[in-house]
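Here are the chains, one letter per residue:
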Amino acid sequence: MSDWEAESEEDEARQAPAKPSPAEWRPVTARASGKRGSAGKDDEEERGGGGRKWGSRPAPSREPWQSGPLEYRARGPFRGAGRERAGSPPLCFYLDNSLVGTLIGRSGSKIKELQESSGCKIQVVKGNYEAEIKIFGGNDKQTKAKMMIDDLIERCSQSNAGERYVKDGFKHQDFGTTRYEESHSGALKSGYSNPKQSINWASLRENKAKYEAMKWADLPPIEKCFYKESLKVASMSQEEADRWRKENNNITCDDLKDNEKRHIPNPICIFEDAFMHYPDIMANIKKVGFQKPTPIQSQAWPIILQGFDLIGIAQTGTGKTLAYLMPGFIHLDLQPIPREKRGGPGMLVLTPTRELALQVEAECSKYSYKGIKSICIYGGGDRKGQISVVTKGVDIVIATPGRLNDLQMNNFINLRSITYLVLDEADRMLDMGFEPQIMKILLDIRPDRQTVMTSATWPDGVRRLAKSYLKDPMIVYVGTLDLAAVNTVEQKIVIIPEEEKRAFTRYFIDTMKSEDKVIIFVGKKLTADDLSSDFGLQGIPVQSLHGNREQCDREQALDDFKKGRVRILIATDLASRGLDVHDITHVFNFDFPRNIEEYVHRVGRTGRAGRTGEAVTLVTRNDWRNASELIDILERGNQVIPEELISMAERYKQFQLKKEMEKDTGRSRGRSRRGF
Ligand code: AMP
């Protein structure tokens, strides 16, 4: 990894467990089915005692749905099995997750017994709903192990009157929720003594549904609709609603329900349209002095208050936090079961970074609503303190996925009581690799909850997440779907040699007005430290924010900047998204960001909440690969495009073409040399 800023929660996302003892459950790299040679080798090394350590294992080959591969490892009986395994592919099949416990037994006793009696190694890779079971060993031993597992599950199924186990059938089939897959040699097929029995898929499906129903059977009812449309909003014609949307940041909406297009609720124009029946909410809004709803709020409130799931594609600074918080307060307060009797929090907000989590919490506690209590749970924060607050009882949990997953796995938090879920900045959570943690968290949250998701962009990963975890959502886009830098910001580009950047930055600081406030973005933590100590020595008060600073120093830096004790913050991209400081007048890009998305996010730190702002970006010849995309963004924002930037983009294009041509020539030369 380069020295480009590693995001604050990366450590959580990549958390590696402590080195386990030889016979315990632990996450391992999932190997692709069928690559038997490598599986055998891995085990040999492990057995040899000098096996590879955690950090040096190869990158996992994971299916996107895999939530956390688990492998049972035991020594002893497999000492002689390595060579056999190197020749036989693993026998693979799938087992409903609910049956994995039966297979493993108490503290792994059952699976150990199975392994010892069959002489095979059994691997369990747990997925979202089902686990993949791999049996390693010679053909006969695999058959024996499979039959023993069949027998074990059969006995368990009979005693539980549930036939959730997929039996037999060596055909590669995909039956939607339950799969059985051949990855075994033909020899095993003929050697297997209990060939095809008919599979009762209907019963399997029914049992799965029954199991799901059982899992959620004792939950209290849930209430989602709290909207009473005002007469004025109800009387809006379709044309009026469309015109209003166009004039307000070009809002577009869609219904993503399959095979049906429901009416998208008309937008509200004043706060009373949404909250006239909720005087405490109105009092809070009056207290903070907001004049009117922001565009995302106007359209999101009527949708969320009616109980629909919502995807809000909006950047930070658009008022998206209140768009989900206000309806969330009402939702929490008006559930049929009183808050104190629900046995856990009712609302969960998942955010990608500590900074955003703290910011959402700050927003949350600004609006005291009926004594609703919130807590912020994030990696790097006081774990004991967080556990103590959670166990005493809170209504809203605002969390980063890594730490929440930790508390969930250790049973410090009950997520079954959550009825209102927010996935904030979903695109960023995916970028940071939080998908596995999110999947695990969501397994414990009731499926009939209401879910709101926000994202600044709408790439495939976010669409997939939305499809998996939201139910018949409506979507609201604010602004255009593709990259568009905030149009309230004037963007200036300065083409400059690398060695002159510091002097120019000093000149910029010297010409700042007393009321100006600037974030200087740099690419590396080292540069942030370097620049801030330089300026400090020159008597210029600055603060710095990057992932290598202690959490308390980061919070202090942010507080100093927010409260105006310093007017210059030197930061890495840790601060490029989500950071909400109203009065930033300038964004100064000392280093060009690593991609154009980050440029847009950085620029969005200024020109917030209806103000205007200015972004100054230093571009050196090393940044030429970004020139063309930058021109696109500038064009869309009607900004001045320097001639030098255009010629830089041209030169890069020529360079790319030349490179391509050279590659082609090289390839054809190689072919002719080889006699093609
Ligand atoms: P967000 O996009 O949630 O980060 O919000 C950016 C800032 O806008 C926050 O500080 C909010 O307090 C503020 N804000 C939210 N709603 C409004 C509104 N209707 N009018 C003015 N400011 C608002």
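Position labels on residues start from 1 in each chain and follow its written sequence. In keeping with the model being predicted, local features are shown solely for residues with a pLDDT of at least 70 and side-chain atom pairs are shown and tallied solely at 80 or more, while totals for entire chains, interfaces and linings include all residues. In computing side-chain properties, one takes all heavy atoms of the structure into account and sets aside hydrogens as well as water.

Naming follows an unreviewed UniProt entry, where the protein chain appears as RNA helicase of Podarcis lilfordi. UniProt positions are given in the numbering used here, feature names are shortened, and annotations may be inferred rather than shown by experiment. Within the UniProt record for the protein chain, the comment given under Catalytic activity (unreviewed entry) is "ATP + H2O = ADP + phosphate + H(+)". Of the protein chain, the UniProt comment under Sequence similarities (unreviewed entry) reads exactly: "Belongs to the DEAD box helicase family."

**Topic: the overall build of the protein chain**
Only DSSP runs of H or I reaching four residues or more are called helices, and only runs of E reaching two or more are called strands; each is numbered from the N terminus. Of the regular secondary structure elements, the protein chain holds 26 helices and 22 strands. In the protein chain, which comprises 676 residues, the proportion classed as buried is 53%. Pairs of residues are marked as contacts when any of their non-hydrogen atoms sit within 4.5 Å. Put simply, 76% of the contacts in the protein chain that link residues at least 6 apart link residues at least 24 apart. Calculation of accessible area relied on Shrake-Rupley with a 1.4 Å probe; when residues are assessed, cover is drawn exclusively from the protein chains displayed. In the structure as shown, the protein chain presents an accessible area of about 31000 Å², 51% of it carried by carbon and sulfur atoms. Categorising residues by exposure relies on relative accessible area from a 1.4 Å probe, with only protein chains included: less than 20% of the type maximum marks a residue as buried, more than 50% marks it as exposed, and the intermediate range marks it as partly exposed.

**Here's the deal with the pattern of salt bridges**
Salt-bridge detection follows one rule: a side-chain nitrogen of Lys or Arg within 4 Å of a carboxyl oxygen of Asp or Glu. Scanning all chains against the criterion turns up 30 salt bridges. Residues R506 and D510 are paired through a salt bridge, measuring 3.0 Å at the closest nitrogen-oxygen approach. Of this pair, R506 and D510 both sit in helix 21 (residues 501-510), four residues apart, which is roughly one turn of the helix. What makes R506 partly exposed here is its relative accessible area of 29%. Its relative accessible area of 49% is what places D510 among the partly exposed residues. Measuring nitrogen to oxygen at the nearest pair gives 2.8 Å for the salt bridge that ties D560 to R565. Its relative accessible area of 10% is what places D560 among the buried residues. Three or more residues joined by partner-sharing salt bridges are found here, namely D333, R339, K370 and D395.

**Here's the deal with the sheet that holds strand 21 (residues 586-589)**
Following DSSP output, two strands are said to pair if at least two bridges run between them. As summarised here, the arrangement of the six strands in space is 17-22-21-18-20-19, forming an open sheet in which the pairing is parallel. The sheet is open, and its two edges are formed by strand 17 (489-495) and strand 19 (543-545), each paired on a single side. Taking the axes of each pair of neighbouring strands and ignoring which way they run, one obtains an average angle of 20° across the sheet. The sheet contact formed by strand 18 (residues 518-521) and strand 21 spans four bridges and is parallel. Within the sheet, the bridge partner assigned to I519 lies in strand 21 and is V587. Against the sheet, helix 22 (residues 525-537) contacts strand 18, strand 19 and strand 20 (568-571), and its axis sits at roughly 155° relative to strand 20. Note on definitions: angles span 0 to 180 degrees between N-to-C directions of axes, and those axes are lines fitted to C-alpha atoms, for helices only across the stretch in contact.

**Some words on the pairing of strand 16 (residues 474-477)**
Taking every second residue as pointing to the same face, both faces of strand 16 are buried, with M474 and V476 on one and I475 and Y477 on the other. Here strand 9 (residues 252-255) pairs with strand 16 via four bridges, running antiparallel. Within the sheet, the bridge partner assigned to C253 lies in strand 16 and is V476.

**Overview of the side chain of T620**
Position of T620 relative to the elements: it lies in the loop between strand 22 (613-619) and helix 25 (627-636). T620 sits in the buried class, given a relative accessible area of 3%. Sequence-distant contacts of T620, defined by excluding residues within four places in its chain, comprise I496, P497, E498, K501 and M648.

**Concerning helix 24 (residues 596-603)**
With seven of its eight residues buried, helix 24 lies for the most part within the structure. Those residues of helix 24 lying buried are I596, E598, Y599, V600, H601, R602 and V603. Check the buried side of helix 24 and you find it contacts strand 17, strand 18, strand 21, strand 22 and helix 25. Residue N595 occupies the N-cap position of helix 24, its side-chain oxygen lying 2.9 Å from the main-chain nitrogen of E598. Here a polar contact is recorded for every N or O atom pair within 3.5 Å, except that within protein the pair must consist of a potential hydrogen donor and a potential acceptor, and residues adjacent in sequence are included only if both atoms are side-chain atoms.

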